[in-house]
Structure formats: C-alpha cells, structure tokens
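Observations on the three-dimensional arrangement
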Amino acid sequence: MADGVKIKGTRDGLLVSLGAGDLPLLLADLRAQLNRSPGFFQGGKVALAVGSRPMTRADLQQICDVLGELGITIWAVISQSPMTRAAARELGLASASPPEEAPSDLEAGQEPAVIVRRTLRSGQSVRYPGHVVVIGDVNPGAEIVAGGDIIVWGKLRGTVHAGAMGDDSAVVCALQLQPMQLRISGNIARSPESNRTKQKARPEVARVRGAEIVAEPWEP
Amino acid sequence: MPGKVITITSGKGGVGKTTVTANLGMALAQHGQRVAVVDADIGLRNLDVVMGLENRIVYDLVDVVEGVCRLRQALIRDRRVNELYLLPAAQTRDKTAVSPADMIQVCEQLRREFDYALIDSPAGIEQGFQNAVAGADEVIIVTTPEVSAVRDADRIIGLIEAQEKGPGSLIINRLKPDMVRRGDMLSTEDVVEILAIKLLGIIPEDEAIVISTNRGTPIVLDGRSPAAQALDNIARRIMGEDIPMYQPAREEGFFSRLARMVRGGD
Ligand SMILES: Nc1ncnc2c1ncn2[C@@H]1O[C@H](COP(=O)(O)OP(=O)(O)OP(=O)(O)O)[C@@H](O)[C@H]1O
Ligand SMILES: [Mg+2]
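Fair warning: this is a prediction, and the values are worked out from it, not measured in the lab.

All names here are of chain B. Residues in close proximity to ligand 1 total 18 residues, the closest being G14, K17, T18, T19 and N173. One of the side-chain N or O atoms of N173 is found 2.8 Å from a nitrogen atom in ligand 1. Grouping the constituent residues of the shell around ligand 1 by class yields six nonpolar, seven polar and five charged.

One pass over the structure, following the stated rule, counts two aromatic pairs over all chains. Relative to W218 of chain A, the ring of W153 of chain A lies with its centre 6.5 Å away and its plane at 80°, an arrangement referred to as edge-to-face. A residue pair is termed long-range when its members are at least 10 positions apart, and W153 of chain A in strand 11 (residues 150-156) and W218 of chain A in the segment after strand 17 (212-217) qualify at 65 residues. In this structure, R34 of chain B is placed above the aromatic ring of F114 of chain B, and the distance from its NZ or CZ to the ring centre is 5.3 Å.

Moving on, we come to the confidence of the model for chain B. Averaged over all residues, the pLDDT of chain B is 90; the fraction at 70 or higher stands at 92%. In this model, residues 249-259 of chain B is a region of pLDDT below 50 whose contacts with residues beyond four sequence positions or in other chains number seven contacts.

With that settled, consider the environment of E108 of chain B. Tracing the backbone shows E108 of chain B in helix 5 (residues 100-113). The spatial distance from the C-alpha of E108 of chain B to the C-alpha of K4 of chain B is 9.8 Å, given a sequence separation of 104 residues.

Residues and elements named next belong to chain A. A cluster of nonpolar residues, I115, I135 and W153, forms a patch on the protein surface that exposes about 320 Å² of accessible area. On the secondary structure map, I115 appears in strand 7 (residues 113-116). Since its relative accessible area comes to 48%, I115 is described here as partly exposed.

On to helix 3 (residues 57-68) of chain A. Each α-helix turn comprises 3.6 residues. Residues three or four places apart therefore point the same way. All names here are of chain A. For helix 3, which comprises 12 residues, the first-to-last C-alpha distance of 16 Å matches the rise-based estimate of 16 Å (1.5 Å per residue) to within 8%. Among the residues of helix 3, L60, I63, C64, V66 and L67 are the ones counted as buried. The arc that holds every buried residue of helix 3, seen down its axis, measures 160°, which confines them to one face.

Residues and elements named next belong to chain A. Spatially, 8-10-12-14-15 is the arrangement adopted by the five strands of the open sheet, whose pairing is mixed. Two strands bound the open sheet, and with one partner strand each, they are strand 8 (125-128) and strand 15 (187-190). Recorded for the sheet is a direction-independent mean angle of 5° between the axes of neighbouring strands. Sheet topology note: the strand 14 (residues 181-184)/strand 15 ladder contains four bridges and is antiparallel. Across the sheet, the residue bridging to R183 is I188, located in strand 15.

Parameters at a glance
- Residues numbered from 1 in each chain as written.
- Chains lettered and ligands numbered in written order.
- Predicted model: local features only at pLDDT ≥ 70, side-chain atom pairs only at ≥ 80, totals over all residues.
- Heavy atoms only, no water.
- Near = heavy atom within 4 Å.
- Polar contact = N/O pair within 3.5 Å; in protein donor to acceptor, adjacent residues only side chain to side chain.
- Nonpolar A, V, L, I, M, F, W, Y, C, P; charged D, E, K, R; others polar.
- Phe/Tyr/Trp six-rings, centres within 6.5 Å; stacked < 30°, edge-to-face > 60°.
- Helix = DSSP H or I, 4+ residues; strand = E, 2+ residues; numbered from the N terminus.
- Lys NZ or Arg CZ within 6 Å of the ring centre and 35° of its normal.
- pLDDT = per-residue confidence, 0-100.
- Contact = heavy atoms within 4.5 Å.
- Patch = residues over 30% accessible without salt bridge, like charges linked within 9 Å, V, L, I, M, F, W, Y side chains within 5 Å.
- Areas by Shrake-Rupley, 256 points an atom, 1.4 Å probe, with all protein chains shown as cover.
- Salt bridge = Lys/Arg side-chain N within 4 Å of Asp/Glu carboxyl O.
- Buried < 20%, exposed > 50% of the residue type's maximum accessible area, 1.4 Å probe, protein only.
- Expected span 1.5 Å × (residues − 1).
- Arc of directions from axis to C-beta.
- Pairing = 2+ DSSP bridges.
- Axes fitted to C-alpha atoms, helices over the stretch in contact; angles between N-to-C directions.

In structure tokens:
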C-alpha cells in the first residue's frame with residue numbers, strides 16, 4: 001500500500017495524510033497504524049491532509065470516528081478540494097488549502113530530532129515521533145513521549161517514554177536520571193524510593209537489556 | 001515614575017497568598033510607599049476580612065469595571081498607615097464578571113496613582129488567575145514546602161513564562177525549621193532547586209499569623225514575631241534593599257546554631 005495512510009510529525013504537530021485508494025481500506029490502515037502505538041497518540045490532536053480527494057461530511061465523520069477510538073481529535077483539515085473543505089466546516093473543523101511549498105515535515109522512521117531549550121515544568125509535555133533533546137530540566141509532573149531517544153542535558157525528574165512507537169533500542173540519558181517513571185517501548189521502570197533522596201549526580205543512560213530497563217553510567 | 005503592579009499567586013490554594021498580600025501591602029506602606037492592594041478573588045473575597053476593612057466596603061472591583069463608580073470611590077483607605085488602600089472584590093458575582101482586558105485597564109490606572117499595586121490572585125489556573133496576572137508587571141509565587149504545593153507552583157511558573165511575564169520570584173511560606181532538620185519537610189534548597197527561580201523570602205510557620213488573621217490586624221503591625229520580620233524583609237527586598245536571606249533550615253553544626261542564636265533570628 002504505497003500510497004495509503006502516512007503519519008508524520010511536523011513542526012506544528014502530527015499530520016495524518018490520506019493517499020489514493022478506497023476509503024474503507026484507508027480507514028483500516030489508519031486504525032492498524034494507530035494501534036501499533038496507541039499510547040503515543042492517545043488524547044492527541046492531529047491535522048488531516050486529504051489531498052484533492054473530494055469528501056463528504058459522512059466520509060470525514062468516519063475518519064473522526066476512527067481517530068476518536070483513541071481519543072484523538074482533528075484540529076484542521078487540509079485539502080485542495082472546496083467540497084471537502086466545506087464538509088469539514090460543516091463538522092465544525094478548521095479547514096485550509098495546503099501551503100504552496102511542502103512543509104519541512106519529518107517522517108516517523110527518519111529519526112529527526114527536536115530540541116527544547118528550556119526547563120519543562122509540571123503540566124507541560126512534549127510529544128514527538130523522533131528524538132527529543134532537552135537543554136534544561138524535566139521537572140516532576142512534566143512528560144516527554146518520543147518515538148526515538150530522549151536526551152536531557154539537565155535533571156530528569158518527570159515522566160518519559162522513549163521508543164514509544166515500539167522501538168526497543170531507544171535510550172534515555174540525562175545528567176541526573178531520577179525519573180518519576182521511565183518507559184522504553186513497552187517496558188516500564190519506576191524510580192526506586194531510594195533514588196528520590198539526593199545522591200551524587202552523575203550522567204546515566206537507561207536502556208532495555210533482556211526484558212528489563214537498566215541504568216548505566218553515561219560514558220560516551 | 002509609574003508604579004509597579006505585582007500579582008501574588010500560587011498553584012495550590014490556602015498557601016498564604018492573601019496573608020502575604022495584606023502584610024506586604026501594609027509593610028510597604030509603613031516604609032512610606034503609596035500602596036493599593038487589590039482582591040482579584042471574585043466571589044470568594046477575603047482580603048478585606050484579613051485586613052479588617054470588611055465593614056467599610058461600598059463599591060468593589062466589578063463596580064469599577066462596569067463603570068458603576070470611579071476607581072477612587074471604590075478604594076478604601078486603611079487609616080492605620082499613611083497611604084494604603086484596598087480595592088475589594090465583589091462577593092456576589094463570579095469571576096466571569098471581569099475580563100483580562102478589564103484588569104489591564106484597572107492596573108493602568110493604579111500604576112498612575114500608586115508606587116505599588118499588589119493583586120491577590122485566586123488559586124488555580126483558570127480565568128481568575130488569568131485576570132489576576134493580565135495587568136501584572138511582576139509575579140510573586142507563594143508556595144509551602146510541600147511536594148504537592150511545589151508541583152502546582154511549578155505549573156504556574158510554566159504558565160507565567162508562557163505569557164512572558166518572566167519566571168517570577170518565590171516566597172516559601174509556613175516553613176517549619178525543626179521538621180526540615182528532621183528531614184520530614186522539603187528544605188528551602190529542595191524547593192529552590194526544583195523551581196529554579198529567584199527566592200524573595202522565607203516565612204516561618206507562626207501561630208501569630210492565625211491570631212492576626214482572625215483579628216483583621218496584619219501581623220506586620222505588631223512587628224516582633226518571626227513571621228512579621230520575614231514579611232518586612234520581603235517588603236524591603238521588593239523596594240530594592242539588599243537584605244541577606246536567613247536560612248532557618250540549613251543543616252548546621254552546634255556552633256553556627258549557637259552563633260545564630262546570639263545574633264538573633266531573621
Ligand atoms: N506562616 C504562616 N503561619 C501560620 N499560619 C499561616 C501562615 N501563613 C498563612 N497561614 C494561615 O493559613 C490560612 C490560609 O492562608 P491564606 O488565606 O492567606 O491563603 P490563600 O493562599 O490566600 O488561600 P486561598 O487559596 O483560599 O485564597 C490562613 O488561616 C492563615 O492564617
Ligand atoms: Mg486568598
């Protein structure tokens with residue numbers, strides 16, 4: 001299915017694009033892709049790009065329903081077709097024609113990275129299909145979900161999920177690795193109580209070995 | 001020179017915002033500043049009660065915003081000091097009666113008339129908070145040294161940063177030095193390490209605050225208690241004085257503790 005459903009990360013968030021093909025097949029493909037890493041998409045907001053395909057309100061509603069199964073909402077529909085844009089407006093969705101030049105978007109498999117140059121505070125979160133680099137701290141109550149690795153040049157005390165789309169080889173490193181909860185792919189590690197007390201700060205890297213997450217000194 | 005509008009806020013409720021607003025207002029006025037304190041906690045007003053001015057309210061913030069009266073008419077003068085005024089909140093309205101744009105306008109007027117306007121914010125991250133910070137030049141975040149309060153303070157700091165109101169400065173309230181010493185309470189260092197913003201002052205737990213709150217007499221009027229002195233120090237730091245930070249909770253040896261007892265507290 002060369003041209004089916006693609007899910008990409010862009011600077012403005014996740015973009016779901018539908019290629020050519022029958023809608024029922026595309027819907028099945030979309031559902032399959034989402035269910036490969038439900039935790040990553042859960043509760044998210046996406047933009048939907050449907051090219052020049054003319055779509056009715058009922059067609060769009062079907063897509064909304066599939067996304068809705070994972071609590072995902074569409075915040076905008078991008079299409080060249082006036083009919084599709086009108087249908088989107090009827091459903092109360094923002095609609096737009098695509099920008100002239102293609103956005104510099106990044107595909108999930110291509111390992112791009114986003115750099116966050118500030119401390120992530122409680123209640124703030126970063127979700128990105130590629131790697132996430134934070135220059136600052138990740139405070140308790142903050143959250144990072146990344147398709148790839150997570151690197152924190154600071155104290156990591158929040159909740160992080162690396163390899164969230166199923167990549168067991170992803171790693172998490174931090175100058176001070178004291179996460180509230182750390183996940184890599186489907187594996188979970190919680191901060192042992194003793195870790196909460198202050199210890200000598202040293203950089204560590206967490207990775208999956210066997211079926212366990214282990215933290216080792218970070219010695220490049 | 002236009003005055004400064006400072007909003008006093010917190011994430012968690014009940015950490016001492018109203019107490020701090022009333023006392024800093026009083027202390028700044030005692031140091032000769034022209035001060036207005038504004039109760040932005042609409043529907044749950046209590047700055048007037050803590051200041052003992054409840055029985056003199058005629059108009060309130062919502063009346064000013066709706067043009068029922070002029071700002072001057074709504075300001076209640078506190079006769080215990082020279083230039084301290086209270087702009088009370090409406091008791092019977094809810095926070096949707098005021099918008100951030102209204103607050104920006106009120107703050108603009110206050111800046112013209114006063115050296116300092118202190119705004120007592122409601123707890124939380126909703127419209128009441130948005131109103132309270134809309135017109136602020138600076139924000140003070142109050143927290144107690146408890147994990148949940150610090151977590152919520154962190155959240156508020158994130159929101160303030162996102163609105164480009166600076167990271168703000170921090171007051172740690174209700175610190176219990178002996179509990180910190182036993183390791184049963186977060187220390188000042190622990191709190192500052194997480195929040196990573198400027199520390200403006202530390203107020204110890206002090207029974208005298210409860211008594212003064214109930215009497216409607218801000219504690220700085222009585223002067224000598226540890227909390228009164230800590231609040232006065234904060235007011236002087238706001239005025240730009242360089243007052244060293246007293247760290248009641250630092251792990252210290254017998255001799256330094258003895259030395260401090262000889263020198264006197266904060
Ligand atoms: N340092 C202190 N020592 C002892 N009691 C204190 C101290 N600071 C505040 N209190 C008490 O804590 C209670 C709550 O204080 P206050 O009303 O100032 O908090 P608040 O943050 O304004 O609450 P709200 O979020 O409900 O507006 C009051 O009873 C007050 O007397
Ligand atoms: Mg209050």
